[in-house]
Amino acid sequence: MKVLHTSFECYPVAKVGGLADVVGSLPSYQLNLEIDSNVIMPYYNNSYVKKQKLLSIYSGSINLGEKHFNYVIKKILSKKIKYSLYLVYIEGLLDREFVYGYDDEINRYLGFQLSVLDWINRNSLSFDVIHCHDHHTSLIPFMVNNCYDYSSLKKVSTIVTIHNAQYQGQFSHDYIKLIPDFDVKNVGLLDWYGSINPLAAGIKCASRVNTVSPSYMEELKEKANGLEGLLRSESNKCLGILNGIDISFWNTETDSMLVKNYKLSNVVSGKKANKKKICDTYGLNLDLPLFGFIGRLVGEKSADLLPQAIREVLEKNESINVMILGSGHKEIEEQLIVLKEKFKGKFNAHIGYDEKLSHLLYAGCDFLLMPSRVEPCGLNQMYSLRYGTIPIVRRTGGLKDTVIDIGDGGFGICHDQASVWDIKYSINRAAELYKDKKTFRKIQKQIMRIDNSWTKSAQEYMNLYKSI
Ligand code: ADP
Ligand code: GLC
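All figures in this text were calculated on a predicted structure; none of them were measured in a lab.

Moving on, we come to the pairing of strand 7 (residues 157–162). Of all the six residues making up strand 7, six are buried; the element is thus mostly covered by neighbouring parts of the structure. Going residue by residue along strand 7, you find S157, I159 and T161 tucked away on one face and T158, V160 and I162 tucked away on the opposite face as well. Examined bridge by bridge, strand 6 (residues 129–133) and strand 7 share five bridges and lie parallel to one another. When the sheet's bridge partners are listed, C132 is paired in strand 7 with V160. With respect to chirality, the unit in which strand 6 leads through helix 4 (residues 140–146) into the neighbouring parallel strand 7 is right-handed. Sheet analysis places strand 7 next to strand 10 (residues 208–211), joined by four bridges and oriented parallel. Paired with I159 across the bridge in strand 10 is R208.

Dropping the structure here:
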(Lines give C-alpha, C1' and ligand atoms only; values in the text may rest on other atoms or scores of the structure.)
(Ligands and ions follow the chains in the order given, each with its own letter.)
Protein backbone atom coordinates (compact mmCIF):
# COMPACT_ATOMS: atom_id res chain seq x y z
CA MET A 1 0.00 0.00 0.00
CA LYS A 2 1.44 3.34 -1.06
CA VAL A 3 0.19 6.55 0.55
CA LEU A 4 0.98 10.21 -0.05
CA HIS A 5 0.20 12.67 2.73
CA THR A 6 -0.34 16.20 1.43
CA SER A 7 -0.01 18.94 4.00
CA PHE A 8 1.08 22.54 4.57
CA GLU A 9 2.81 21.61 7.83
CA CYS A 10 5.09 18.78 8.87
CA TYR A 11 7.43 18.72 11.85
CA PRO A 12 10.40 19.34 11.77
CA VAL A 13 10.21 21.19 8.43
CA ALA A 14 7.50 23.71 9.33
CA LYS A 15 5.22 23.77 12.38
CA VAL A 16 2.47 26.11 13.46
CA GLY A 17 0.48 23.64 15.56
CA GLY A 18 -0.52 20.03 16.02
CA LEU A 19 -1.09 19.42 12.30
CA ALA A 20 2.70 19.44 11.90
CA ASP A 21 3.20 16.96 14.72
CA VAL A 22 0.62 14.57 13.25
CA VAL A 23 1.90 14.69 9.66
CA GLY A 24 5.46 14.46 10.95
CA SER A 25 4.92 11.37 13.07
CA LEU A 26 2.05 9.24 11.73
CA PRO A 27 4.03 8.20 8.59
CA SER A 28 6.86 6.67 10.69
CA TYR A 29 4.35 4.48 12.49
CA GLN A 30 2.74 3.60 9.16
CA LEU A 31 6.10 2.36 7.88
CA ASN A 32 6.08 -0.12 10.78
CA LEU A 33 2.81 -1.47 9.36
CA GLU A 34 4.48 -1.82 5.98
CA ILE A 35 2.55 1.04 4.48
CA ASP A 36 4.85 2.91 2.07
CA SER A 37 4.04 6.28 3.60
CA ASN A 38 5.27 9.52 1.96
CA VAL A 39 4.73 13.20 2.69
CA ILE A 40 4.64 16.16 0.33
CA MET A 41 4.51 19.77 1.49
CA PRO A 42 5.58 23.21 0.24
CA TYR A 43 9.22 24.26 0.16
CA TYR A 44 9.52 27.08 2.71
CA ASN A 45 12.36 29.52 2.86
CA ASN A 46 12.99 28.85 6.54
CA SER A 47 16.12 28.00 8.49
CA TYR A 48 15.36 24.28 8.71
CA VAL A 49 14.90 23.89 4.95
CA LYS A 50 17.99 25.97 4.18
CA LYS A 51 20.11 23.55 6.22
CA GLN A 52 18.89 20.40 4.44
CA LYS A 53 20.49 18.49 1.61
CA LEU A 54 17.87 18.41 -1.14
CA LEU A 55 17.69 16.36 -4.27
CA SER A 56 15.65 17.79 -7.16
CA ILE A 57 13.76 14.87 -8.64
CA TYR A 58 11.31 16.46 -11.08
CA SER A 59 10.61 19.79 -12.76
CA GLY A 60 7.29 20.71 -14.26
CA SER A 61 4.90 23.59 -14.73
CA ILE A 62 1.33 24.52 -13.95
CA ASN A 63 -1.12 27.20 -14.99
CA LEU A 64 -2.97 29.08 -12.30
CA GLY A 65 -5.56 30.93 -14.34
CA GLU A 66 -3.59 33.30 -16.59
CA LYS A 67 -0.36 32.80 -14.66
CA HIS A 68 2.25 30.19 -15.43
CA PHE A 69 4.52 28.73 -12.71
CA ASN A 70 7.43 26.34 -12.89
CA TYR A 71 7.73 23.93 -9.98
CA VAL A 72 10.44 21.58 -8.77
CA ILE A 73 9.87 18.52 -6.56
CA LYS A 74 12.74 18.20 -4.11
CA LYS A 75 13.37 15.29 -1.79
CA ILE A 76 14.89 15.86 1.64
CA LEU A 77 17.96 13.69 2.15
CA SER A 78 18.01 13.24 5.91
CA LYS A 79 18.74 10.10 7.85
CA LYS A 80 16.64 11.44 10.72
CA ILE A 81 13.39 11.27 8.72
CA LYS A 82 12.46 7.67 7.99
CA TYR A 83 9.73 8.24 5.38
CA SER A 84 10.21 10.01 2.04
CA LEU A 85 9.56 13.71 2.43
CA TYR A 86 9.10 15.81 -0.71
CA LEU A 87 8.95 19.59 -1.02
CA VAL A 88 7.26 21.53 -3.81
CA TYR A 89 9.41 24.48 -4.77
CA ILE A 90 7.67 27.30 -6.63
CA GLU A 91 9.70 30.46 -6.87
CA GLY A 92 7.74 33.53 -5.85
CA LEU A 93 4.68 31.57 -4.69
CA LEU A 94 5.62 28.94 -2.11
CA ASP A 95 9.20 29.81 -1.16
CA ARG A 96 8.27 32.10 1.73
CA GLU A 97 9.47 32.04 5.31
CA PHE A 98 6.12 31.41 7.01
CA VAL A 99 3.37 28.87 6.47
CA TYR A 100 0.33 31.16 6.71
CA GLY A 101 -0.56 34.83 6.72
CA TYR A 102 -0.07 35.87 3.08
CA ASP A 103 -2.60 37.74 0.93
CA ASP A 104 -2.26 35.30 -1.98
CA GLU A 105 -3.06 32.18 0.04
CA ILE A 106 -5.73 30.96 -2.43
CA ASN A 107 -3.00 30.85 -5.11
CA ARG A 108 -0.53 29.24 -2.72
CA TYR A 109 -2.91 26.43 -1.71
CA LEU A 110 -4.00 25.80 -5.31
CA GLY A 111 -0.51 26.11 -6.76
CA PHE A 112 0.68 23.45 -4.35
CA GLN A 113 -2.21 21.07 -5.05
CA LEU A 114 -1.94 21.45 -8.82
CA SER A 115 1.81 20.78 -8.71
CA VAL A 116 1.33 17.64 -6.61
CA LEU A 117 -1.28 16.26 -9.01
CA ASP A 118 0.73 17.23 -12.08
CA TRP A 119 3.81 15.47 -10.66
CA ILE A 120 1.86 12.28 -9.88
CA ASN A 121 0.08 12.35 -13.21
CA ARG A 122 3.05 12.99 -15.51
CA ASN A 123 5.18 10.39 -13.76
CA SER A 124 2.38 7.81 -13.46
CA LEU A 125 3.21 7.48 -9.78
CA SER A 126 1.23 4.68 -8.24
CA PHE A 127 -0.11 6.04 -4.97
CA ASP A 128 -3.09 4.00 -3.75
CA VAL A 129 -4.24 6.76 -1.42
CA ILE A 130 -3.76 10.52 -1.41
CA HIS A 131 -4.29 11.55 2.19
CA CYS A 132 -5.23 15.25 2.37
CA HIS A 133 -4.86 17.20 5.60
CA ASP A 134 -7.18 20.15 6.28
CA HIS A 135 -8.67 22.59 3.77
CA HIS A 136 -5.31 23.62 2.30
CA THR A 137 -5.16 20.37 0.33
CA SER A 138 -8.77 19.25 0.30
CA LEU A 139 -9.60 20.33 -3.25
CA ILE A 140 -7.53 17.33 -4.39
CA PRO A 141 -10.45 14.84 -4.14
CA PHE A 142 -12.60 17.08 -6.34
CA MET A 143 -9.79 17.58 -8.85
CA VAL A 144 -8.86 13.89 -9.23
CA ASN A 145 -12.52 13.04 -9.75
CA ASN A 146 -13.41 15.88 -12.10
CA CYS A 147 -10.56 17.74 -13.81
CA TYR A 148 -9.84 16.55 -17.36
CA ASP A 149 -6.08 17.01 -16.84
CA TYR A 150 -6.06 14.35 -14.14
CA SER A 151 -8.48 11.84 -15.63
CA SER A 152 -5.90 9.05 -15.25
CA LEU A 153 -5.94 9.59 -11.45
CA LYS A 154 -9.63 8.77 -11.08
CA LYS A 155 -8.81 5.40 -9.55
CA VAL A 156 -6.77 6.89 -6.72
CA SER A 157 -8.60 6.89 -3.40
CA THR A 158 -8.59 10.05 -1.32
CA ILE A 159 -8.94 10.73 2.38
CA VAL A 160 -9.60 14.09 3.96
CA THR A 161 -8.55 14.43 7.56
CA ILE A 162 -10.20 17.35 9.32
CA HIS A 163 -7.86 18.73 11.96
CA ASN A 164 -9.93 21.84 12.43
CA ALA A 165 -13.29 22.57 10.80
CA GLN A 166 -13.25 26.22 11.89
CA TYR A 167 -11.00 26.92 8.93
CA GLN A 168 -12.56 25.92 5.61
CA GLY A 169 -10.60 28.02 3.10
CA GLN A 170 -13.68 29.54 1.38
CA PHE A 171 -13.18 31.84 -1.60
CA SER A 172 -15.33 33.49 -4.21
CA HIS A 173 -16.46 31.83 -7.45
CA ASP A 174 -14.53 34.65 -9.19
CA TYR A 175 -11.45 32.45 -8.70
CA ILE A 176 -12.96 29.41 -10.42
CA LYS A 177 -10.52 29.83 -13.34
CA LEU A 178 -7.68 28.81 -11.02
CA ILE A 179 -9.06 25.27 -10.99
CA PRO A 180 -8.21 23.24 -14.12
CA ASP A 181 -11.14 22.60 -16.51
CA PHE A 182 -13.93 20.25 -15.50
CA ASP A 183 -17.51 19.61 -16.52
CA VAL A 184 -19.34 22.73 -15.30
CA LYS A 185 -22.39 20.77 -14.30
CA ASN A 186 -20.28 19.48 -11.35
CA VAL A 187 -19.55 22.95 -10.00
CA GLY A 188 -22.01 22.32 -7.17
CA LEU A 189 -19.49 19.93 -5.64
CA LEU A 190 -17.23 22.89 -4.97
CA ASP A 191 -19.91 25.15 -3.60
CA TRP A 192 -21.18 25.66 -0.09
CA TYR A 193 -23.53 28.55 0.58
CA GLY A 194 -22.43 30.54 -2.46
CA SER A 195 -18.65 30.22 -2.10
CA ILE A 196 -16.10 27.72 -3.24
CA ASN A 197 -15.47 25.87 0.00
CA PRO A 198 -12.42 23.54 -0.16
CA LEU A 199 -13.24 21.70 3.06
CA ALA A 200 -16.86 21.12 2.02
CA ALA A 201 -15.69 19.96 -1.43
CA GLY A 202 -13.29 17.57 0.29
CA ILE A 203 -16.07 16.15 2.43
CA LYS A 204 -18.29 15.69 -0.62
CA CYS A 205 -15.66 14.19 -2.93
CA ALA A 206 -13.19 12.21 -0.77
CA SER A 207 -13.52 8.44 -0.51
CA ARG A 208 -13.47 8.79 3.29
CA VAL A 209 -13.40 11.67 5.77
CA ASN A 210 -12.12 11.58 9.30
CA THR A 211 -11.65 13.90 12.23
CA VAL A 212 -8.79 13.61 14.70
CA SER A 213 -10.95 12.28 17.54
CA PRO A 214 -14.27 10.41 17.69
CA SER A 215 -15.95 13.00 19.93
CA TYR A 216 -15.03 15.84 17.57
CA MET A 217 -16.80 14.09 14.69
CA GLU A 218 -19.95 13.81 16.79
CA GLU A 219 -19.68 17.46 17.84
CA LEU A 220 -19.23 18.59 14.23
CA LYS A 221 -22.48 16.94 13.23
CA GLU A 222 -24.17 19.40 15.62
CA LYS A 223 -21.96 22.47 15.11
CA ALA A 224 -19.36 22.84 12.39
CA ASN A 225 -19.31 26.46 11.31
CA GLY A 226 -21.97 25.73 8.68
CA LEU A 227 -20.87 22.22 7.68
CA GLU A 228 -22.95 20.28 10.22
CA GLY A 229 -25.69 19.32 7.74
CA LEU A 230 -23.12 18.16 5.20
CA LEU A 231 -21.33 15.99 7.75
CA ARG A 232 -24.63 14.46 8.81
CA SER A 233 -25.59 13.69 5.22
CA GLU A 234 -22.17 12.20 4.46
CA SER A 235 -21.99 10.38 7.81
CA ASN A 236 -21.68 6.91 6.24
CA LYS A 237 -18.18 7.74 5.04
CA CYS A 238 -17.12 9.78 8.08
CA LEU A 239 -15.42 8.61 11.26
CA GLY A 240 -13.14 9.83 14.05
CA ILE A 241 -9.64 8.47 14.58
CA LEU A 242 -7.84 9.72 17.66
CA ASN A 243 -4.41 11.24 17.08
CA GLY A 244 -1.42 9.57 18.61
CA ILE A 245 1.95 10.91 19.64
CA ASP A 246 5.47 9.90 18.68
CA ILE A 247 6.73 8.36 21.90
CA SER A 248 10.28 7.99 20.64
CA PHE A 249 10.48 11.78 20.22
CA TRP A 250 8.33 12.73 23.22
CA ASN A 251 10.42 10.69 25.58
CA THR A 252 11.48 11.97 29.01
CA GLU A 253 14.46 9.61 29.03
CA THR A 254 16.05 11.02 25.88
CA ASP A 255 14.50 14.47 25.26
CA SER A 256 17.52 16.72 24.67
CA MET A 257 15.47 19.86 25.36
CA LEU A 258 15.16 19.03 29.06
CA VAL A 259 17.73 20.02 31.66
CA LYS A 260 17.39 16.59 33.25
CA ASN A 261 16.06 13.40 31.70
CA TYR A 262 13.97 11.15 33.89
CA LYS A 263 11.88 8.01 34.00
CA LEU A 264 9.27 6.49 36.27
CA SER A 265 11.77 5.56 38.96
CA ASN A 266 13.16 9.12 39.34
CA VAL A 267 10.19 11.18 38.18
CA VAL A 268 10.15 13.31 41.33
CA SER A 269 13.76 14.49 41.12
CA GLY A 270 13.66 14.65 37.32
CA LYS A 271 10.62 16.88 37.19
CA LYS A 272 11.95 19.01 40.02
CA ALA A 273 15.19 19.77 38.13
CA ASN A 274 13.19 20.92 35.10
CA LYS A 275 10.81 22.92 37.29
CA LYS A 276 13.79 24.59 38.98
CA LYS A 277 15.11 25.70 35.60
CA ILE A 278 11.71 27.26 34.76
CA CYS A 279 11.39 28.89 38.18
CA ASP A 280 14.95 30.28 38.08
CA THR A 281 14.50 31.64 34.57
CA TYR A 282 11.04 33.12 35.08
CA GLY A 283 11.27 34.14 38.74
CA LEU A 284 8.73 31.63 40.04
CA ASN A 285 8.56 29.70 43.31
CA LEU A 286 9.84 26.12 43.18
CA ASP A 287 7.90 25.11 46.31
CA LEU A 288 4.47 25.97 44.92
CA PRO A 289 2.53 23.98 42.33
CA LEU A 290 3.31 25.17 38.81
CA PHE A 291 0.47 25.46 36.29
CA GLY A 292 1.40 25.77 32.62
CA PHE A 293 -0.42 26.72 29.44
CA ILE A 294 1.12 26.17 26.02
CA GLY A 295 -0.70 27.19 22.89
CA ARG A 296 -2.22 29.67 20.55
CA LEU A 297 -3.75 32.61 22.43
CA VAL A 298 -7.11 32.41 20.68
CA GLY A 299 -10.76 31.92 21.59
CA GLU A 300 -10.75 28.26 20.54
CA LYS A 301 -8.26 27.58 23.34
CA SER A 302 -10.27 29.80 25.77
CA ALA A 303 -7.11 31.88 26.10
CA ASP A 304 -9.30 34.97 26.47
CA LEU A 305 -10.54 33.60 29.82
CA LEU A 306 -7.09 32.99 31.23
CA PRO A 307 -6.08 36.54 32.27
CA GLN A 308 -9.20 37.02 34.40
CA ALA A 309 -9.10 33.49 35.81
CA ILE A 310 -5.41 33.80 36.72
CA ARG A 311 -5.89 37.25 38.25
CA GLU A 312 -8.81 36.14 40.39
CA VAL A 313 -7.03 32.98 41.55
CA LEU A 314 -3.79 34.77 42.36
CA GLU A 315 -5.61 37.54 44.22
CA LYS A 316 -7.16 34.94 46.54
CA ASN A 317 -4.71 32.06 46.48
CA GLU A 318 -1.14 32.85 47.39
CA SER A 319 0.08 29.34 46.91
CA ILE A 320 0.31 28.69 43.17
CA ASN A 321 2.49 29.68 40.19
CA VAL A 322 1.40 30.02 36.56
CA MET A 323 3.55 30.12 33.43
CA ILE A 324 2.15 30.74 29.95
CA LEU A 325 3.82 30.10 26.60
CA GLY A 326 2.02 31.26 23.50
CA SER A 327 1.13 33.98 21.09
CA GLY A 328 -2.02 35.09 19.32
CA HIS A 329 -4.55 37.86 19.89
CA LYS A 330 -2.81 41.09 20.82
CA GLU A 331 -5.35 41.99 23.56
CA ILE A 332 -4.70 38.69 25.33
CA GLU A 333 -0.93 39.11 25.01
CA GLU A 334 -1.22 42.63 26.46
CA GLN A 335 -3.36 41.45 29.39
CA LEU A 336 -0.78 38.78 30.19
CA ILE A 337 2.02 41.33 30.12
CA VAL A 338 0.08 43.44 32.65
CA LEU A 339 -0.34 40.36 34.88
CA LYS A 340 3.41 39.70 34.73
CA GLU A 341 4.04 43.05 36.43
CA LYS A 342 1.21 42.70 38.92
CA PHE A 343 2.06 39.17 40.07
CA LYS A 344 5.86 39.07 39.84
CA GLY A 345 7.13 35.87 41.44
CA LYS A 346 3.81 34.07 40.87
CA PHE A 347 3.08 34.54 37.21
CA ASN A 348 5.09 34.81 34.06
CA ALA A 349 4.50 34.50 30.34
CA HIS A 350 6.69 34.01 27.32
CA ILE A 351 4.92 35.55 24.36
CA GLY A 352 6.08 33.75 21.25
CA TYR A 353 6.82 30.33 19.88
CA ASP A 354 9.57 28.31 21.58
CA GLU A 355 9.82 24.57 20.98
CA LYS A 356 12.51 24.05 23.62
CA LEU A 357 10.60 25.92 26.31
CA SER A 358 7.47 23.91 25.49
CA HIS A 359 9.33 20.66 26.23
CA LEU A 360 10.69 22.12 29.45
CA LEU A 361 7.18 23.11 30.52
CA TYR A 362 5.70 19.68 29.76
CA ALA A 363 8.43 18.26 31.99
CA GLY A 364 8.66 20.87 34.73
CA CYS A 365 5.02 21.86 35.34
CA ASP A 366 2.84 20.06 37.83
CA PHE A 367 -0.39 20.77 35.93
CA LEU A 368 -1.20 21.78 32.36
CA LEU A 369 -4.22 23.98 31.61
CA MET A 370 -6.33 23.24 28.51
CA PRO A 371 -9.72 24.86 28.98
CA SER A 372 -10.39 24.81 25.20
CA ARG A 373 -13.78 25.79 23.81
CA VAL A 374 -13.01 23.64 20.78
CA GLU A 375 -10.35 20.94 20.64
CA PRO A 376 -10.48 18.60 17.65
CA CYS A 377 -7.93 16.38 19.36
CA GLY A 378 -5.25 18.28 21.24
CA LEU A 379 -1.76 16.91 21.61
CA ASN A 380 -0.58 18.97 24.58
CA GLN A 381 -2.58 16.87 27.05
CA MET A 382 -0.98 13.70 25.66
CA TYR A 383 2.53 15.16 25.88
CA SER A 384 1.85 16.34 29.40
CA LEU A 385 0.55 12.91 30.47
CA ARG A 386 3.68 11.29 29.11
CA TYR A 387 5.84 13.80 31.00
CA GLY A 388 3.99 13.24 34.30
CA THR A 389 2.13 16.56 34.28
CA ILE A 390 -1.53 16.33 35.24
CA PRO A 391 -3.83 17.85 32.59
CA ILE A 392 -6.71 20.15 33.50
CA VAL A 393 -9.11 20.08 30.57
CA ARG A 394 -12.52 21.09 29.43
CA ARG A 395 -14.52 18.03 28.33
CA THR A 396 -14.62 18.64 24.61
CA GLY A 397 -13.43 16.87 21.44
CA GLY A 398 -10.23 14.94 21.87
CA LEU A 399 -9.78 16.16 25.44
CA LYS A 400 -12.93 14.28 26.36
CA ASP A 401 -11.54 11.17 24.62
CA THR A 402 -8.15 11.22 26.35
CA VAL A 403 -8.60 12.58 29.88
CA ILE A 404 -10.76 11.04 32.62
CA ASP A 405 -11.43 12.97 35.80
CA ILE A 406 -9.91 11.74 39.04
CA GLY A 407 -13.40 11.78 40.53
CA ASP A 408 -14.45 9.20 37.93
CA GLY A 409 -11.53 6.91 38.70
CA GLY A 410 -9.25 8.65 36.22
CA PHE A 411 -6.14 10.79 36.30
CA GLY A 412 -7.00 14.34 35.22
CA ILE A 413 -9.09 17.30 36.27
CA CYS A 414 -12.04 18.00 33.99
CA HIS A 415 -14.68 20.69 33.77
CA ASP A 416 -17.62 21.23 31.46
CA GLN A 417 -17.95 24.94 30.78
CA ALA A 418 -15.56 27.30 29.10
CA SER A 419 -15.88 29.85 31.90
CA VAL A 420 -13.64 31.75 34.28
CA TRP A 421 -15.46 30.08 37.15
CA ASP A 422 -14.77 26.56 35.85
CA ILE A 423 -11.09 27.30 35.30
CA LYS A 424 -10.74 28.75 38.81
CA TYR A 425 -12.59 25.81 40.33
CA SER A 426 -10.32 23.33 38.54
CA ILE A 427 -7.16 25.19 39.56
CA ASN A 428 -8.31 25.11 43.17
CA ARG A 429 -9.03 21.37 42.91
CA ALA A 430 -5.55 20.87 41.54
CA ALA A 431 -3.98 22.94 44.31
CA GLU A 432 -5.73 20.71 46.88
CA LEU A 433 -4.51 17.59 45.07
CA TYR A 434 -0.95 18.94 45.13
CA LYS A 435 -1.11 19.10 48.93
CA ASP A 436 -2.03 15.41 49.10
CA LYS A 437 1.46 14.33 48.09
CA LYS A 438 0.76 10.59 48.18
CA THR A 439 -2.14 10.73 45.71
CA PHE A 440 -0.40 13.37 43.61
CA ARG A 441 2.73 11.20 43.16
CA LYS A 442 0.62 8.13 42.47
CA ILE A 443 -1.21 9.92 39.64
CA GLN A 444 2.04 11.32 38.26
CA LYS A 445 3.33 7.79 37.81
CA GLN A 446 0.01 6.44 36.57
CA ILE A 447 -0.19 8.98 33.74
CA MET A 448 3.36 8.37 32.55
CA ARG A 449 2.39 4.77 31.86
CA ILE A 450 -0.57 5.61 29.60
CA ASP A 451 0.09 4.59 26.00
CA ASN A 452 -1.07 7.35 23.66
CA SER A 453 1.41 6.39 20.95
CA TRP A 454 0.33 6.11 17.33
CA THR A 455 0.37 2.30 17.44
CA LYS A 456 -3.39 1.84 17.77
CA SER A 457 -4.47 4.74 15.56
CA ALA A 458 -1.98 3.90 12.80
CA GLN A 459 -3.74 0.54 12.60
CA GLU A 460 -7.11 2.35 12.38
CA TYR A 461 -5.80 4.39 9.43
CA MET A 462 -4.61 1.13 7.87
CA ASN A 463 -8.13 -0.29 8.24
CA LEU A 464 -9.54 2.87 6.71
CA TYR A 465 -7.20 2.64 3.70
CA LYS A 466 -8.07 -1.01 3.25
CA SER A 467 -11.79 -0.21 3.32
CA ILE A 468 -11.39 1.90 0.18
P1 ADP B 1 -3.28 23.20 17.88
O2 ADP B 1 -2.76 22.47 16.72
O3 ADP B 1 -4.75 23.46 17.84
O4 ADP B 1 -2.52 24.46 18.16
P5 ADP B 1 -2.42 20.88 19.45
O6 ADP B 1 -2.60 20.58 20.90
O7 ADP B 1 -2.85 19.83 18.51
O8 ADP B 1 -3.10 22.28 19.19
O9 ADP B 1 -0.88 21.08 19.13
C10 ADP B 1 -0.16 22.17 19.49
C11 ADP B 1 1.30 21.89 19.22
O12 ADP B 1 2.00 23.12 19.09
C13 ADP B 1 2.00 21.15 20.36
O14 ADP B 1 3.11 20.45 19.83
C15 ADP B 1 2.45 22.31 21.25
O16 ADP B 1 3.52 21.93 22.10
C17 ADP B 1 2.89 23.29 20.19
N18 ADP B 1 2.84 24.69 20.59
C19 ADP B 1 1.75 25.48 20.65
N20 ADP B 1 2.09 26.75 20.98
C21 ADP B 1 3.42 26.74 21.13
C22 ADP B 1 4.38 27.75 21.47
N23 ADP B 1 4.01 29.00 21.73
N24 ADP B 1 5.68 27.38 21.53
C25 ADP B 1 6.05 26.10 21.28
N26 ADP B 1 5.21 25.12 20.95
C27 ADP B 1 3.92 25.43 20.88
C1 GLC C 1 -5.64 21.08 14.98
C2 GLC C 1 -6.50 21.02 16.22
C3 GLC C 1 -5.90 20.21 17.35
C4 GLC C 1 -5.34 18.90 16.82
C5 GLC C 1 -4.36 19.19 15.71
C6 GLC C 1 -3.72 17.93 15.15
O7 GLC C 1 -4.70 22.08 15.03
O8 GLC C 1 -6.83 22.32 16.67
O9 GLC C 1 -6.88 19.94 18.33
O10 GLC C 1 -4.69 18.20 17.87
O11 GLC C 1 -5.00 19.84 14.67
O12 GLC C 1 -4.68 17.05 14.62
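So, next bit.
As a further point, take the site of ligand 2. Around ligand 2 there are 13 residues in total, and H163, N243, E375, C377 and G378 lie nearest to it. One nitrogen or oxygen atom from the main chain of C377 is found 3.0 Å from an oxygen atom belonging to ligand 2. Isolated, ligand 2 exposes 300 Å² of accessible area, and the fraction of that covered by the protein chains is 92%. Of the residues belonging to the shell around ligand 2, the class tally is six nonpolar, five polar and two charged.

Next up on the list: the state of the cysteines. Applying the stated criterion across every chain yields a total of zero disulfides. Sulfur of C377: no disulfide; nearest cysteine sulfur belongs to C414 and is 14 Å away. Accessibility expressed as a relative area gives 2% for C377, which makes it buried.

To continue, consider the packing of helix 9 (residues 306–316) against helix 14 (residues 420–435). At a closest axis distance of 9 Å, the pairing of helix 9 and helix 14 adopts a crossing angle of 45 degrees. One way to sum up the angle between helix 9 and helix 14 is to call them oblique. Remark: the crossing between helix 9 and helix 14 carries right-handed chirality. Across from Q308, A309, E312 and V313 in helix 9, the residues of helix 14 making contact are V420, I423, K424, I427 and N428.

So, on to the pattern of salt bridges. Inspection of the entire model under this criterion finds 21 salt bridges. Measuring nitrogen to oxygen at the nearest pair gives 2.9 Å for the salt bridge that ties D405 to R429. With a gap of 24 residues between them, D405 in the loop between helix 13 (397–402) and strand 17 (413–415) and R429 in helix 14 connect regions that are remote in the sequence. E432 is paired through a salt bridge with K435; the nearest N and O atoms lie 2.9 Å apart. In this pair, E432 and K435 are both assigned in helix 14, three residues apart and thus about one turn of the helix distant. Owing to a relative accessible area of 57%, K435 belongs among the exposed residues under this scheme. Within this structure, K15, D21 and E355 form a network of salt bridges that share partners.

About the criteria used
- Residues numbered from 1 in each chain as written.
- Chains lettered and ligands numbered in written order.
- Predicted model: local features only at pLDDT ≥ 70, side-chain atom pairs only at ≥ 80, totals over all residues.
- Heavy atoms only, no water.
- Buried < 20%, exposed > 50% of the residue type's maximum accessible area, 1.4 Å probe, protein only.
- Helix = DSSP H or I, 4+ residues; strand = E, 2+ residues; numbered from the N terminus.
- Pairing = 2+ DSSP bridges.
- Right-handed = clockwise from strand over helix to strand, strands pointing away.
- Near = heavy atom within 4 Å.
- Polar contact = N/O pair within 3.5 Å; in protein donor to acceptor, adjacent residues only side chain to side chain.
- Areas by Shrake-Rupley, 256 points an atom, 1.4 Å probe, with all protein chains shown as cover.
- Nonpolar A, V, L, I, M, F, W, Y, C, P; charged D, E, K, R; others polar.
- Disulfide = S-S within 2.5 Å.
- Axes fitted to C-alpha atoms, helices over the stretch in contact; angles between N-to-C directions.
- Parallel < 35°, antiparallel > 145°, perpendicular 65-115°, else oblique.
- Left-handed = near helix turned anticlockwise from the far one by under 90°.
- Contact = heavy atoms within 4.5 Å.
- Salt bridge = Lys/Arg side-chain N within 4 Å of Asp/Glu carboxyl O.

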